[in-house]
Amino acid sequence: MLQISDLHVSVEDKSILQGIDLQVKPGEVHAIMGPNGSGKSTLSSTLAGKEDYQVDKGTIVFKGKQLTELDPEERAGEGVFLAFQYPVEIPGVSNKLFLKTALNGIRKYRGEEDIDRFDFEDLLEEKAQLLKMPMDLLQRSVNEGFSGGEKKRNDILQMAVLSPQLCILDETDSGLDIDALKAVSAGVNALRDGKRSFIMVTHYQRILDYIKPDYVHVLYKGKIVKSGDHTLAKVLEEKGYGWITGEE
Ligand code: ADP
Ligand code: MG
Ligand code: MG
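Predicted, not measured: the structure shown is a model, and the values here were computed from it.

Draft legend 1. Fine view of the overall build of the protein chain. Across its full length, the protein chain carries nine helices and twelve strands. Overall size of the protein chain, expressed as C-alpha extent along the three principal axes, is 55 × 40 × 35 Å. Taking the contacts inside the protein chain whose residues are at least 6 apart along the sequence as the reference set, 72% of them involve residues at least 24 apart.

Structure below.
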């Protein structure tokens, strides 16, 4: 589904990713861990196609297409979704309208008509129930006045409504209390269906107690320096990153 080969990325002429290789198959969950500043967010932003992230070398192939040739909207249309580390607030735009606009943007890209308004209501209700999201969050402006936990839940709701094939979650766990963490994890787990793939970027292994990854990769100074299964996350919790990076 996703094949990243020898990816080099720079931001403002500063080289950050220095040769990333990663293969994600349908249904797999990959955790990307690593110390602060190792390039985790740079990798997620590059996959989502955010501007200012310059691919200097290497390829990102998603479902047979060169992702780097597509703009962020086209990537969303192809089924790539990024939940931001710091979700944006959009005053004056209701969450519901935002979701509908995003969904119709994707449908248009695929040559489909706008969703019928009643079908959209049904879809929203179904997904909100699945994620145990209070319906009143849908009427409020996007993320405005939302608590940290509500914003993250809202990210997961967006994901459920847009139904992407590749979900990239960047530090979805940061700043969450245990109840919000469990709610977000349950939401992610509810969206696992054997076909949808996830890249979970996280500094701490805590969320991985609730969402069991198939693979764990450690990113350090722009390179994947170690890969393993979910047990690697446990080792990292106990021993930190020093034994891999050589820094104590
Ligand atoms: P992580 O998510 O692992 O903490 P980042 O990808 O955010 O790491 O950052 C990796 C490196 O790139 C850091 O040294 C950071 O200072 C630098 N960096 C990130 N974004 C920018 C930017 N917009 N301009 C310049 N340097 C940046
Ligand atoms: Mg960081
Ligand atoms: Mg980061």
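Draft legend 2. Expanded view of the sheet that holds strand E1 (residues 2-11). Across the sheet, which stays open at both edges, the four strands sit in the order E2-E1-E4-E5 with antiparallel pairing between neighbours. Every other strand in the sheet has two partners, leaving strand E2 (14-24) and strand E5 (65-66) as the edge strands with one partner each. Relative to strand E4 (residues 53-62), E1 runs antiparallel, the two being bridged by eight bridges. By the bridge assignment, Ser 10 is partnered in E4 with Gln 54. Across the sheet, helix H1 (residues 40-48) touches E1, E2 and E4, and the angle it forms with E4 is around 65 degrees.

Draft legend 3. Structural detail: the pairing of E2. Taken together, the eight bridges between E1 and E2 define a ladder with antiparallel strand orientation. Within E2, the position partnered with Ser 10 by the bridge is Ser 15. Taking the residues between adjacent antiparallel strands as the criterion, E1 and E2 are bridged by two residues, where Glu 12 takes a positive phi near 45 degrees.

Draft legend 4. Just the pairing of strand E3 (residues 29-33), in detail. For E3, a buried count of five out of five residues is recorded, marking the element as mostly surrounded by other parts of the structure. Where E3 lies against strand E10 (residues 197-201), four bridges are found, and the strand directions are parallel. The residue bridging Ile 32 from the neighbouring strand is Val 201, located in E10. Both E3 and strand E11 (residues 215-220) contribute to a ladder of four bridges, which runs parallel. What sits directly across from His 30, in E11, is Tyr 215.

Draft legend 5. Representation of the sheet that holds E10 within the structure. Here we have six strands laid out as an open sheet, ordered E6-E9-E10-E3-E11-E12, and mixed in their pairing. Edge positions in the sheet fall to strand E6 (80-83) and strand E12 (223-228), since each of these pairs with one other strand and no more. Direction aside, the axes of adjacent strands within the sheet are offset by 20 degrees on average. As paired elements, strand E9 (residues 166-170) and E10 share five bridges and run parallel to each other. Paired with Ile 168 across the bridge in E10 is Ile 199.

Draft legend 6. Representation of the site of ligand 1 in the model. Around ligand 1 lies a shell formed by Val 11, Glu 12, Lys 14, Ile 16, Gly 34, Asn 36, Gly 37, Ser 38, Gly 39, Lys 40, Ser 41 and Thr 42. Looking at the shell around ligand 1, the elements that each hand over two or more residues are E2 and H1. Counting residues per element, the shell around ligand 1 draws most heavily on H1, which supplies three residues. Of the residues belonging to the shell around ligand 1, the class tally is two nonpolar, seven polar and three charged.

What counts and how
- Residues numbered from 1 in each chain as written.
- Chains lettered and ligands numbered in written order.
- Predicted model: local features only at pLDDT ≥ 70, side-chain atom pairs only at ≥ 80, totals over all residues.
- Helix = DSSP H or I, 4+ residues; strand = E, 2+ residues; numbered from the N terminus.
- Contact = placed C-beta atoms within 7 Å.
- Pairing = 2+ DSSP bridges.
- Axes fitted to C-alpha atoms, helices over the stretch in contact; angles between N-to-C directions.
- Buried ≥ 20, exposed ≤ 12 C-beta atoms within 10 Å, placed from the backbone.
- Near = placed C-beta within 6 Å.
- Nonpolar A, V, L, I, M, F, W, Y, C, P; charged D, E, K, R; others polar.

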